[in-house]
Every structure is written in C-alpha cells, then in structure tokens.
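Here is what each chain is made of, one letter per residue.
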Amino acid sequence: MNSPPVFVHLRLHSEYSVADSLIRIKPLVARVAASGMPAVALTDQCNFYALIKFYTAARGKGVKPLCGCDLLVAEDGNLELVHVLPLLVRNQTGYRNLIRLISRAHQEGQHRGTVAVRRSWLQGNTDGLIALSGASKGDVGKALLAGDFNQARALLDTWQRLFPDAYYLELQRTGRAGDGEQVARAVELALATGTPVVATNDVRFLTPEEFEAHE
C-alpha cells in the first residue's frame, strides 16, 4: 500500500519577522506535529532571532527543525533593486556562512530602512547552503513574469554557479495575481535547464481565520 505524500513547509516567517507574521514558535511546532509533518523550516526575514527557541521546541516534539532565512539581496550598482533569496542550512559550514551574511547585512547593508546583503557578498559564502528562487519575489521569477526568458535563464546560470547542485526553482500558489504564470514559466525554465523544482508556501499565519488579522 502506497504511503500518503509528505509535505514540508520550506518558507515560513514567525513573529520574529516583525510586523510580517502572526506565527508563534510553540503553536507552530504543535500544529506541525499534529499534522504529521516530519519537519518544518523557519526562514525569518534576514534574522536568526527565533533559532534557539525554534530548534528546542521542534526537537521536543519530534519534528526536524530546518534552519534558514529569507535574505534580501540588493544589486551592488542599484541598492533600490532588491530581490528575495531564501536560504536553508544543510550543515555547520552553511550555518556559519549564513550567520556571516546576516551579520554583515545588519552592520553594512541597511539602506532606507531595508536590511539586505549585496549580491557580491555572496561570493565565497554559499558553501553548505541550499538556495530557493524566491518564486515571484526572486529575480528569476520577476524576469519570468516580465516575459524575459533569456534574462531569467542568465540569472539562473549565475545562481547555479554560486550554489552548485543546491539551487531550486520555487513553485508557489498563494492566491496572488500572477501565480499561475509564475508556476508555468518556472516549470518551462526548469525543463529547459534541468533545474530541480520545489513546492513552497509563503506562510505567515496558521489558520485561514487569521488571514484578515494578518492583513
């Protein structure tokens, strides 16, 4: 008898992404455990503030904690041009590299209230990390939605050099305008380039009833 498919959330913000999420750590872990999910990722926006609390709570419920962060990446020549780059830690080296990137973003990367890394800072600091495309909020997704397949492919090539065998195109349906186009074009790009894909959600609350409160 076939076992049911298992889904793991790889993009999720907690209350530590201030003014962006309603999710508290202990209710999150309890909900994940009750849903039979074996693991969950926490990818707060450019911070690791919840990491110890999350790791401890998840281990206590038998849930595998996946540590990560949604970085904002600013172009070196245009700090107004910012994209989302979700990163997940795969080992100790990746953990240390992500800490360095987050710390540098807060120390040197603040611009008009936004904390971001510069694209050039990623060079030499990507070992041990898994990168996701950021769906429609990443640079590849933005190029796809603009209909510029060549630009999307060029950007993809750049990311694949930075994250060899560790870059995934996100397929995301959250009820937002453009979701269908983004998924279709991402799949087309994935098939054309042999790039792996991953399904994600953009989690900011635990129940449908919390949508209006979050808004």
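I will try to describe carefully the structure that is included in this document. No experiment lies behind these values; they were computed from the predicted model shown.

Parameters and conventions
- Residues numbered from 1 in each chain as written.
- Predicted model: local features only at pLDDT ≥ 70, side-chain atom pairs only at ≥ 80, totals over all residues.
- Heavy atoms only, no water.
- Core = buried A, V, L, I, M, F, W, Y, C linked by side-chain atoms within 4.5 Å.
- Buried < 20%, exposed > 50% of the residue type's maximum accessible area, 1.4 Å probe, protein only.
- Helix = DSSP H or I, 4+ residues; strand = E, 2+ residues; numbered from the N terminus.
- Contact = heavy atoms within 4.5 Å.
- Axes fitted to C-alpha atoms, helices over the stretch in contact; angles between N-to-C directions.
- Parallel < 35°, antiparallel > 145°, perpendicular 65-115°, else oblique.
- Left-handed = near helix turned anticlockwise from the far one by under 90°.
- Pairing = 2+ DSSP bridges.
- Phe/Tyr/Trp six-rings, centres within 6.5 Å; stacked < 30°, edge-to-face > 60°.
- Salt bridge = Lys/Arg side-chain N within 4 Å of Asp/Glu carboxyl O.
- Nonpolar A, V, L, I, M, F, W, Y, C, P; charged D, E, K, R; others polar.
- Polar contact = N/O pair within 3.5 Å; in protein donor to acceptor, adjacent residues only side chain to side chain.
- Disulfide = S-S within 2.5 Å.

## Focus: the nonpolar core
Soluble globular proteins: nonpolar side chains tend toward being buried together.
Then, number 1: In this structure, Leu-71, Leu-87, Val-140 and Phe-163 are the most contacted members of the largest nonpolar core, which totals 36 residues.
Then, number 2: Broken down by secondary-structure element, the contributors of at least two residues to this core are strand E2 (64-75), strand E3 (78-89), helix H3 (92-108), strand E7 (129-132), helix H4 (139-145), helix H5 (149-162), strand E8 (167-172) and helix H6 (179-193).
Then, number 3: Ranked by residue count, the leading element in this core is H5, at five residues.
Then, number 4: The residues touching Leu-87, leaving out its near neighbours within four places in the chain, are Cys-67, Gly-68, Cys-69, Leu-71, Leu-98, Leu-101, Leu-129, Ile-130, Ala-131 and Phe-163.
Then, number 5: Ranked by size, the runner-up nonpolar core spans 14 residues in total, among them Val-29, Ala-57, Ala-58 and Val-203.

## Some thoughts on the packing of H5 against H6
Then, number 1: Two elements in contact, H5 and H6, have axes whose closest approach is 11 Å; the angle formed by their N-to-C orientations is 60°. By the angle between their directions, the pair H5 and H6 is classed as oblique. As H5 packs across H6, the resulting crossing turns out to be right-handed. Residues Phe-149, Ala-152, Arg-153 and Leu-156 of H5 pack against Arg-185, Glu-188, Leu-189, Ala-192 and Thr-193 of H6.

## Points about the pairing of strand E9 (residues 197-200)
Then, number 1: The alternating pattern of E9 places Val-198 and Thr-200 on a buried face, while none of Val-197 and Ala-199, on the opposite face, is buried.
Then, number 2: Of the pairings in the sheet, the one linking E8 to E9 comprises four bridges and is parallel in character. Considered in E9, the bridge of Leu-171 is made with Ala-199.

## As for the packing of aromatic side chains
Each aromatic ring pair is characterised by the separation of its centres together with the angle its planes make.
Then, number 1: Taken as a whole, this structure holds three aromatic pairs when the rule is applied.
Then, number 2: Taking the centre distance of 6.3 Å and the plane angle of 35° together, the rings of Trp-159 and Phe-163 count as tilted. Each member of the pair Trp-159 and Phe-163 is classed as buried.
Then, number 3: With centroids separated by 6.3 Å and ring planes inclined at 5°, the aromatic side chains of Trp-159 and Tyr-167 adopt a geometry described as stacked. Across the pair, Tyr-167 and Trp-159 agree in class, each one buried.
Then, number 4: Connected via pairs of aromatic rings, a cluster forms that spans Trp-159, Phe-163 and Tyr-167.

## Considering the pattern of salt bridges
Then, number 1: The full count for this structure, using the stated rule, is nine salt bridges.
Then, number 2: Between Asp-202 and Arg-11 there is a salt bridge, and its shortest N-O distance comes to 3.7 Å. Linking Asp-202 in the loop between E9 and helix H7 (211-214) with Arg-11 in the segment before helix H1 (25-34), this pair joins segments that are 191 residues apart in sequence.
Then, number 3: Take Arg-11: its relative accessible area is 3%, and that puts it in the buried class.
Then, number 4: Its salt-bridge partner being Asp-202, residue Lys-137 comes within 3.8 Å of it at the nearest N-O pair.

## Some words on the packing of H1 against helix H2 (residues 51-60)
Then, number 1: Put simply, H1 and H2 touch, their axes get as near as 9 Å, and they point 35° apart. Judged by the twist between their axes, the crossing of H1 over H2 is right-handed. On the side of H1, the interface is formed by Ile-25, Leu-28 and Val-29, while H2 contributes Lys-53, Phe-54, Ala-57 and Ala-58.
Then, number 2: Split by residue class, the contact of H1 with H2 holds six nonpolar, no polar and one charged.

## Observations concerning the environment of Arg-185
Then, number 1: Summarising the element assignment, Arg-185 is placed in helix H6.
Then, number 2: A C-alpha to C-alpha distance of 8.5 Å links Arg-185 and Gly-141, two positions 44 residues apart in sequence.
Then, number 3: Every residue in contact with Arg-185, bar those within four places of it in the chain, is listed here: Leu-144, Leu-145, Ala-146, Gly-147 and Phe-149.
Then, number 4: Side-chain polar atoms of Arg-185 contact the backbone oxygen of Leu-145, separated by 3.2 Å.

## Some words on the state of the cysteines
Then, number 1: All chains considered together, the criterion is met by zero disulfides.
Then, number 2: Cysteine Cys-67 is unpaired, with the sulfur of Cys-69 as its nearest cysteine sulfur at 11 Å.

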